[in-house]
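One letter stands for each residue in the lines below.
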Amino acid sequence: MPEIISGLLPGLYWLWVILYFEITLRLATVKSFKNFGFGSLFIWSALYACMLMLITPVSSGSVSAALTTALSLILFFLFASQLVYYKIFKMFYTLYSMGNAGQVLDFVKDIAAYVASCLQWILVLLLPPAAYFLFLADRLFSQGRLSQPGSAVTVTMITLTFAVLLLSIARYRLHAGRGALGSSYEAYHKSMDPTVTLRHFGLLTTMRLDFQRTILGMKSMIYDDQQMISALTAEDAGPWPPSKYNALPMVFSPTASKLKELAADPQLKDLHNWLSAQPPTPKNDYTGLFKGCNLIVLTAESMSPYSINETLTPTLYKMTHSGFHFTDFYNPIWGVSTSDGEYVACTSLLPKCGVWSFIESAGKSMAMTLGNQLRPLGYTTTAYHNHRYSYYKRHLSHPNMGYTYFGLGNGLNVTPTWPESDLEMMQLTVPQYIDKEPFHTYYMTVSGHMRYSFSGNAMASKNRAAVEHLNLSEEAKAYLATQVELDRAMASLLEQLEAAGVSDRTLIAMSADHYPYGLSDAALDELAGHKVDRSFELYRSPFILYCPDNRRCQSPGSNECQTPGSNECLTPGSNECQTPGLNECLTPSLNECLTPGLNECLTPGLNECPTPTSNECLSPTLNRCQTPVVINTPCSSLDILPTLCNLMGLEYDSRLFMGRDIFSDSEPLVMFLNKSFITRYGRYDALKKSFLPMVTEPTPIPTTDYIHEVTKTMEEKFLASARILDLDYYGYLDLTSKETR
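This write-up is about the structure you can find in this document. (Residues numbered from 1 in each chain as written. Predicted model: local features only at pLDDT ≥ 70, side-chain atom pairs only at ≥ 80, totals over all residues. Heavy atoms only, no water.)

Points about the sheet that holds strand β19 (residues 677-679)
The four strands lie next to each other as β18-β19-β20-β21, forming an open sheet whose pairing is antiparallel. Two strands lie at the open edges of the sheet, namely β18 (670-671) and β21 (690-693), each paired on one side alone. Sheet analysis places β19 next to strand β20 (residues 682-685), joined by three bridges and oriented antiparallel. Paired with Ile678 across the two strands is Arg683, which belongs to β20. (Pairing = 2+ DSSP bridges. Helix = DSSP H or I, 4+ residues; strand = E, 2+ residues; numbered from the N terminus.)

Written out as structure tokens, the structure is:
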């Protein structure tokens, strides 16, 4: 018996090592066991300990010792590398990301700095391997410890018995929570967020599931066939006349090969039926408000509410608070940081978990992106990124969106600092397209990139004088200094548009790729002036929608300005103003503008203007509206593309997007990777399983059924997004057909 107990000691060693690593990683990253019990973590860790016992031969001391040494070091590397990755990106890496690990060579110095900042936790993780080498190796694997006949077989059988028992308990616990929101069953089978799975089961289970799905092809309940049928089967709806709705016929291409593929793929039909059954958004007062205008769209690296300061970043402040002001806009973080942030804003699709969706889209039809919609209308469509052109393989994904793409090393000759200058990019690129109207330009900036220090960040160092006077930590000041560069870039852009005489017919839309996760928690709280709520406030972000001259946009070549509510035009030359809805004209000599809702007259000389929601008339002589349109509706980066399509008056189908036109009357829904959400009724925190009603909303708190309903809607949207990408759905549609449906 003592010999059997001695043979089982390595199993206890593995259990201690795994639990030690798992607990340390959790304390260093998600920092809490509060919401999820220790039981599941212990059971799965014990199961992996049994598996490692079976891998290391119990009868051979030297072989077991060598394998234990190798496996201990492998485990240490996995946990240490995930710790550093999380400290940088606030997310755990996947096997797909490991396959693209060469990208990180651009940030070797930054990685070294983050490793140094995590050194205390890395040293803590080193304790088990160190203890093994110094004290445990000889005791665990001494020669002759299983010298009695049959001892090795007995130890193996006991280990197998424990493994089967533990697996049975684990499976029972999983299925006991089936159907419950936030349960272990959901975290195991349906979670798209690795941090959620880790909170329930630990890192090893999270990475094992990723391995089974990515490498072995195991079907996931997130995307499998059964889920597809139950979630995405619906009868067709309509009709939706294009004169009233943002809808297209949504018929399949008549190409014979496409029809044959369709007939052979029930998933494609299910997806099509579900999309067809979704209600499109009605056209509204803002439809076509900027039709025919130039369009510049920017994804700004790590821009945040802390970037917007009237004194420090006056241009960003002006652009945020003039024209359209969004008070409740969010930029959720996804699995692949910047790339997924870009993907969501450019496609209005949710990224597929476990892969880099933008890279996967390169070989698929992206017919609904702005570049691909505007280029056939005669627009000059270009895209720029002022870092290495092939980073995240943008040289494949961005031309596929309908852009002529330039980056560092591919025609954009910015100075190769780290990070590069947004201001220099504007100075070099705007002259390339500003005289080629109509134009649509897309920018992915980089000046705001971490690491935030004056020694390791060229933009922070460049703009240090602008922030030196602030009573903040060096990290916080360095971050703001990078945003000063973005502000100066936008000032240069506006100046060049004004000088070229095109500012009155150019719309600018700008959002961040993600919150500045390169900042420490202390620096974030410092910039905010209070402890930032990590569930929702962390992801609140500016969305800039701005026409540089703050005017109703004028179509190129005409000198007319549209009234938002009625699509009626004012004729500046006649100095007349029509009242929307009444079609009456005021006496030109009075030079007064009737307020439709109040029936009162505004004197243009006072430079006053009601908000666009009241269908105001603009003074033909001043043609300016000083009062910004304030949008308090919850919205997110997923809503940017359909909103711009509507403003630009494009013929598009809103059902093909997972977001919504922000100006429409459709229900707002802000979705997060962990299945938390925000609606007009309040906020649901999926980790805490709690619903916080909106304090200004008089309606009752939604029931559990409501939370289930919204969660199901989110799952359907994640599934539909993945199927659109995987099945190349847009490639099957004939978007040129004009028949109504």
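Focus on the nonpolar core
Membership of the largest hydrophobic core comes to 86 residues, with the highest contact counts inside it found for Trp14, Phe21, Trp44, Leu75 and Phe79. Counting residues per element, this core draws most heavily on helix α3 (residues 61-89), which supplies 13 residues. Excluding residues within four positions of it along the chain, Phe79 makes contact with Phe21, Glu22, Leu25, Leu125, Leu203 and Leu204. Membership of the second largest hydrophobic core comes to 83 residues, among which are Met658, Ala720, Tyr730 and Leu733. (Core = buried A, V, L, I, M, F, W, Y, C linked by side-chain atoms within 4.5 Å. Buried < 20%, exposed > 50% of the residue type's maximum accessible area, 1.4 Å probe, protein only. Contact = heavy atoms within 4.5 Å.)

Regarding the layout of surface pockets
Considering only enclosed or pocket space, the largest pocket measures out at about 1300 Å³ in volume. Residue lining of the largest pocket: 47 residues in total, with Thr29, Tyr86, Lys90, Asp521 and Arg534 positioned closest to the centre. Contributing elements (two or more residues each) for the lining of the largest pocket: α3, α5 (108-117), α6 (119-125), α10 (194-201) and α24 (521-528). For the lining of the largest pocket, a count of residues per class yields 21 nonpolar, 11 polar and 15 charged. (1 Å grid on protein atoms, 1.4 Å probe; cavity = no way out; pocket = protein on both sides within 12 Å on 5 of 7 lines; lining within 4 Å. Points joined across faces, edges and corners; volume = space filled by probe spheres on them. Nonpolar A, V, L, I, M, F, W, Y, C, P; charged D, E, K, R; others polar.)

Thoughts on the packing of helix α20 (residues 422-433) against helix α23 (residues 474-499)
The interhelical angle for the contact between α20 and α23, taken along N-to-C directions, is 20°, at an axis separation of 8 Å. One finds that α20 runs roughly parallel with respect to α23. Every pair of crossing elements has a handedness; the one defined by α20 and α23 is right-handed. Only Glu485, Leu486, Arg488, Ala489, Ser492, Leu493 and Gln496 of α23 make contact with α20, whose side of the interface consists of Asp422, Leu423, Met426, Gln427, Val430, Pro431 and Tyr433. Grouping the constituent residues of the contact of α20 with α23 by class yields eight nonpolar, three polar and three charged. (Axes fitted to C-alpha atoms, helices over the stretch in contact; angles between N-to-C directions. Parallel < 35°, antiparallel > 145°, perpendicular 65-115°, else oblique. Left-handed = near helix turned anticlockwise from the far one by under 90°.)

A short note on empty space enclosed by the protein
Tallying each qualifying case throughout the model produces eight cavities of 30 Å³ or more. Each pocket or cavity is described by its volume, and for the largest cavity that value is around 170 Å³. Forming the walls of the largest cavity are 18 residues, and the residues nearest its centre are Gly182, Glu186, Val196, Asn674 and Lys675. Mapped onto the lining of the largest cavity, the elements with two or more residues apiece are α9 (184-189) and α10. For the lining of the largest cavity, a count of residues per class yields nine nonpolar, six polar and three charged. Empty space within the second largest cavity amounts to approximately 130 Å³. If you go around the second largest cavity, you meet 17 residues; those closest to its centre are Phe107, Thr338, Tyr391, Tyr392 and His449. In the lining of the second largest cavity, the residues fall into eight nonpolar, seven polar and two charged.

Considerations on the pairing of β20
Where burial is concerned, the two faces of β20 agree: the one with Gly682 and Tyr684 and the one with Arg683 and Asp685 are both buried. Counting the residues in the hairpin turn of β19 and β20 gives two residues. Across four bridges, the pairing between β20 and β21 is antiparallel. For Tyr684, the partnering residue across the bridge sits in β21 and is Phe691. Two successive antiparallel strands, β20 and β21, enclose a turn made up of four residues, where Lys689 displays a positive phi of approximately 55°.

Quick notes on the sheet that holds strand β5 (residues 380-388)
Sheet architecture is open: eight strands sit in the order β6-β5-β7-β2-β8-β9-β3-β16, paired in mixed fashion. Where the open sheet ends on each side, the last strands, each with one partner, are β6 (404-408) and β16 (629-631). Taken pair by pair, the neighbouring strands of this sheet meet at an average axis angle of 10°, ignoring direction. Where strand β3 (residues 324-326) meets strand β9 (residues 543-546), two bridges bridge the pair, whose relative direction is antiparallel. Following the sheet pairing, His325 is matched in β9 by Ile544. Strand contacts of α23: β2 (294-300), β7 (439-444), β8 (506-512) and β9, with the helix running at about 170° to β8, the strand carrying the most contacts.

Observations regarding the packing of aromatic side chains
Under the criterion given, the structure shown has 42 aromatic pairs. Relative to Phe201, the ring of Tyr188 has its centre 5.5 Å away and its plane inclined at 80°; by these criteria the two rings are edge-to-face. Here Tyr188, found in helix α9, pairs with Phe201, found in helix α10; they are 13 residues apart in sequence, far enough to count as distant. As far as the burial class goes, Tyr188 and Phe201 line up, both buried. Three or more aromatic residues link up through ring pairs in this structure, and these residues are Tyr85, Phe89, Tyr93, Tyr330, Tyr515, Tyr517, Phe536, Tyr539 and Phe672. (Phe/Tyr/Trp six-rings, centres within 6.5 Å; stacked < 30°, edge-to-face > 60°.)

Details of unusual backbone geometry
Looking along the chain, the bond that leaves Trp418 and enters Pro419 is cis, with omega of -10°. With respect to the secondary-structure elements, Pro419 resides in the loop between β6 and α20. Geometrically, the link from Met450 to Arg451 is a cis peptide bond, its omega value of 10° lying close to zero. Within the secondary structure, Arg451 is located in the loop between β7 and α21 (458-462). Here the phi dihedral of Ser348 falls at roughly 55°; this positive angle occurs in a residue that is not glycine. In this structure, Ser348 sits in the loop between α16 (337-347) and α17 (357-361). One non-glycine residue, Tyr392, lies in positive phi territory at about 60°. Counting through the fold element by element, Tyr392 comes out in the loop between β5 and α19 (394-400). Assessed through its relative accessible area of 7%, Tyr392 is described here as buried.

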